[in-house]
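Residues per chain, in single letters:
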Amino acid sequence: MPARVARAAYDAGMSRFTPGYSVGRPTGQCQATGRALEPGETYIATLCDDEQTDGFIRVDVSEDAWDSGHRPERLFSYWKTTVARPDERRQLFVDDEVLMSIFEQLADDERPQRQAFRFVLALVLMRKRLL
């Protein structure tokens, strides 16, 4: 699914159920060290529970910090990705196993923010013919 289509589906689905809800975009900075992540650098993108909204916040961690044991508080899910170079067109990609894992973890969660997020994941997974 093209990134623009996935983002549009996400925005439309989330605004219908929970206005203003967003998981967040890459921060460009390692949360553990405060260091800027360089283009082409591999890092760990995470989703963490946001106690204030019952949703998720995104926290990025450099691969070195992750390998040395740093984990953000209230870690829910994570995946490895690369900082986009300014001259390249970035395609959003999360491994199918990660998407399925997040979908399954949200199965029994009754909080509205989480149900809305699971709905959008279901749409993406159906489009990929995984559901």
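See above for the structure.
Residues numbered from 1 in each chain as written. Predicted model: local features only at pLDDT ≥ 70, side-chain atom pairs only at ≥ 80, totals over all residues. Heavy atoms only, no water.

### What to know about the pattern of salt bridges
Here comes step 1: Applying the stated rule across the entire model yields nine salt bridges.
Here comes step 2: Close ionic contact of R111 with D54 constitutes a salt bridge, the shortest N to O distance being 3.7 Å. Of this pair, R111 sits in the loop between helix 3 (96–105) and helix 4 (112–127) while D54 sits in the loop between strand 1 (42–50) and strand 2 (55–62); the two residues are 57 residues apart in sequence, bridging distant segments of the chain.
Here comes step 3: Overall, the relative accessible area of 31% leaves R111 in the partly exposed class.
Here comes step 4: A salt bridge links D109 to R114; its shortest N-O distance comes to 3.4 Å. (Salt bridge = Lys/Arg side-chain N within 4 Å of Asp/Glu carboxyl O. Helix = DSSP H or I, 4+ residues; strand = E, 2+ residues; numbered from the N terminus. Buried < 20%, exposed > 50% of the residue type's maximum accessible area, 1.4 Å probe, protein only.)

### Focus: the nonpolar core
Here comes step 1: Of all hydrophobic cores here, the largest spans 25 residues; its most connected members are L47, F56, V61, I102, L106, F117 and L121.
Here comes step 2: Secondary-structure elements contributing two or more residues to this core are strand 1, strand 2, helix 2 (63–67), strand 3 (75–82), helix 3 and helix 4. (Core = buried A, V, L, I, M, F, W, Y, C linked by side-chain atoms within 4.5 Å.)

### A look at the sheet that holds strand 3
Here comes step 1: Strand order in this open sheet of three strands is 2-1-3, and the pairing throughout is antiparallel. Single-partner strands in this sheet number two, and they are strand 2 and strand 3. Here the strands of the sheet are splayed against their neighbours by 25 degrees on average, with no regard to which way each runs.
Here comes step 2: Here strand 1 runs beside strand 3; their pairing, made up of seven bridges, is antiparallel. Of the residues in strand 3, the one forming a bridge with C48 is L75.
Here comes step 3: Sheet strands in contact with helix 3 are strand 1 and strand 3, and its direction is about 170 degrees off that of strand 3.
Here comes step 4: With respect to the sheet, helix 4 is in contact with strand 1, strand 2 and strand 3, its orientation differing from that of strand 2 by roughly 70 degrees. (Pairing = 2+ DSSP bridges. Axes fitted to C-alpha atoms, helices over the stretch in contact; angles between N-to-C directions. Contact = heavy atoms within 4.5 Å.)

### Here we look at the packing of aromatic side chains
A ring pair, where both rings are aromatic, is described by two values, the distance of the centres and the angle of the planes.
Here comes step 1: Going through the model one piece at a time under the given rule, you end up with three aromatic pairs.
Here comes step 2: Both rings, one in W66 and one in Y78, keep their centres 4.8 Å apart while their planes meet at 45 degrees; by these two values the pair is tilted. With W66 in helix 2 and Y78 in strand 3, this residue pair connects regions lying 12 residues apart in the sequence.
Here comes step 3: On the accessibility criterion, W66 (8% relative accessible area) is buried.
Here comes step 4: Note that R71 overlies the ring of W66, its terminal NZ or CZ placed 3.7 Å from the centroid.
Here comes step 5: When the ring centre of F103 is taken as origin, the NZ or CZ atom of R118, which lies over that ring, is 3.7 Å away. (Phe/Tyr/Trp six-rings, centres within 6.5 Å; stacked < 30°, edge-to-face > 60°. Lys NZ or Arg CZ within 6 Å of the ring centre and 35° of its normal.)

Such coordinate-based values are descriptive only and should not be taken to indicate function.
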